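The primary structure of each chain is shown beneath.
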Amino acid sequence: TSLEELTARVSVCRACPRLVTWREDVAEAKRASYSSEPYWGRPIAGWGAPDPAVLVLGLAPAAHGGNRTGRIFTGDRSGDWLFAALHRAGLAAQATSVHAGDGQRLLHTRMVAAVRCAPPANKPTTEERDTCAPWLDRELALVAPSVRVVVCLGSFAWEAGLKAYRRQGYDVPRPKPRFGHGAEVLLTGPAGPLHLVGSYHPSQQNTFTGTLTEPMLDAVLLRVRELAGL
Ligand code: SF4
């Protein structure tokens, strides 16, 4: 399978009944509000460089962000925050990510969500995470030759990343390393050493309350560049 085939195949997945209903109901209800644009309402594929040094692992698409625009972290406040920081770190060509045709490019970087359909209240169930895991596994395997650092946005992504790399044959310590902002773990595996780095998720819940500030995110991304040798 190539990344292109994976993108095509995941975009028609209907394996999680609750998420299929939610993503399509949201799309149906909101299409009129965005009548000048198509409303995606389907799974979100990985996006960015095909041979990335850095992989950004998120939780799941937001109902009116990725679920609307069809591109991960695109079209909502979380994405605004993340792309501005990636641009400051030299990992995105533009400081904004507005819609899928805006000319934005990720530099040395790819993004993927642990769960590819928008969940109610941004909370996928454990069963949904596990049902979506084979898509993540395939993507991780395809980009493994180049990836040196995985940035996990939030504890859900951190857990999903550790589980996924254990399935890929990486030496994940037991007990599992704890998530935190700036947490780091070095894994060894079939494609060589790999750094997992934790960052608080740029959700409005974190950015509005000051739990995550711009300097905090910049510091993590600076460290990510360093670990990736960029
Ligand atoms: Fe398929 Fe993943 Fe969406 Fe579930 S969350 S329907 S497994 S793409």
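Residues numbered from 1 in each chain as written. Predicted model: local features only at pLDDT ≥ 70, side-chain atom pairs only at ≥ 80, totals over all residues. Heavy atoms only, no water.

Here Arg68 is to be found in helix 3 (residues 66–69). Polar side-chain contacts of Arg68 include one of 2.8 Å to the backbone oxygen of His64. (Helix = DSSP H or I, 4+ residues; strand = E, 2+ residues; numbered from the N terminus. Polar contact = N/O pair within 3.5 Å; in protein donor to acceptor, adjacent residues only side chain to side chain.)

The subject of this paragraph is the state of the cysteines. Counted according to the given criterion, the structure contains 0 disulfides. Looking at the unpaired Cys152, the closest cysteine sulfur is the one in Cys132, lying at 16 Å. (Disulfide = S-S within 2.5 Å.)

Turning our eyes to something else, we now look at helix 4 (residues 77–88). Taking 1.5 Å as the rise per residue, helix 4 with 12 residues should run 16 Å; its terminal C-alpha atoms sit 17 Å apart, in good agreement. Every buried residue of helix 4 is listed here: Ser78, Gly79, Leu82, Phe83, Ala84, Ala85 and Leu86. Buried positions along helix 4 lie against strand 1 (47–48), strand 2 (54–58), strand 3 (109–113), strand 4 (149–153), helix 7 (204–207) and helix 8 (214–228). Positive phi shows up at Gly90, right after helix 4, with a value of about 75°. (Expected span 1.5 Å × (residues − 1). Buried < 20%, exposed > 50% of the residue type's maximum accessible area, 1.4 Å probe, protein only. Contact = heavy atoms within 4.5 Å.)

Estimated volume of the largest pocket: approximately 740 Å³. Along the wall of the largest pocket there are 33 residues; nearest its centre are Leu59, Asn122, His201, Ser203 and Gln205. Sorting elements by how many residues they give to the lining of the largest pocket places helix 7 first, with 3 residues. A per-class count over the lining of the largest pocket returns 16 nonpolar, 14 polar and 3 charged. (1 Å grid on protein atoms, 1.4 Å probe; cavity = no way out; pocket = protein on both sides within 12 Å on 5 of 7 lines; lining within 4 Å. Points joined across faces, edges and corners; volume = space filled by probe spheres on them. Nonpolar A, V, L, I, M, F, W, Y, C, P; charged D, E, K, R; others polar.)

Let us now look at the nonpolar core. One finds Val54, Phe73, Leu82, Phe83, Leu86, Met111 and Val224 to be the most contacted residues of the largest nonpolar core, which totals 27 residues. For this core, the secondary structure elements donating two or more residues are strand 2, helix 4, strand 3, strand 4 and helix 8. By residue number, the principal contributor to this core is helix 8, which donates 6 residues. Apart from residues lying up to four places away in sequence, Val54 is in contact with His108, Thr109, Arg110, Val149, Val151, Val224, Ala228 and Leu230. Judged by nonpolar contacts, the second largest core, of 24 residues, contains Val112, Val147, Ala157 and Leu196. (Core = buried A, V, L, I, M, F, W, Y, C linked by side-chain atoms within 4.5 Å.)

Such coordinate-based values are descriptive only and should not be taken to indicate function.
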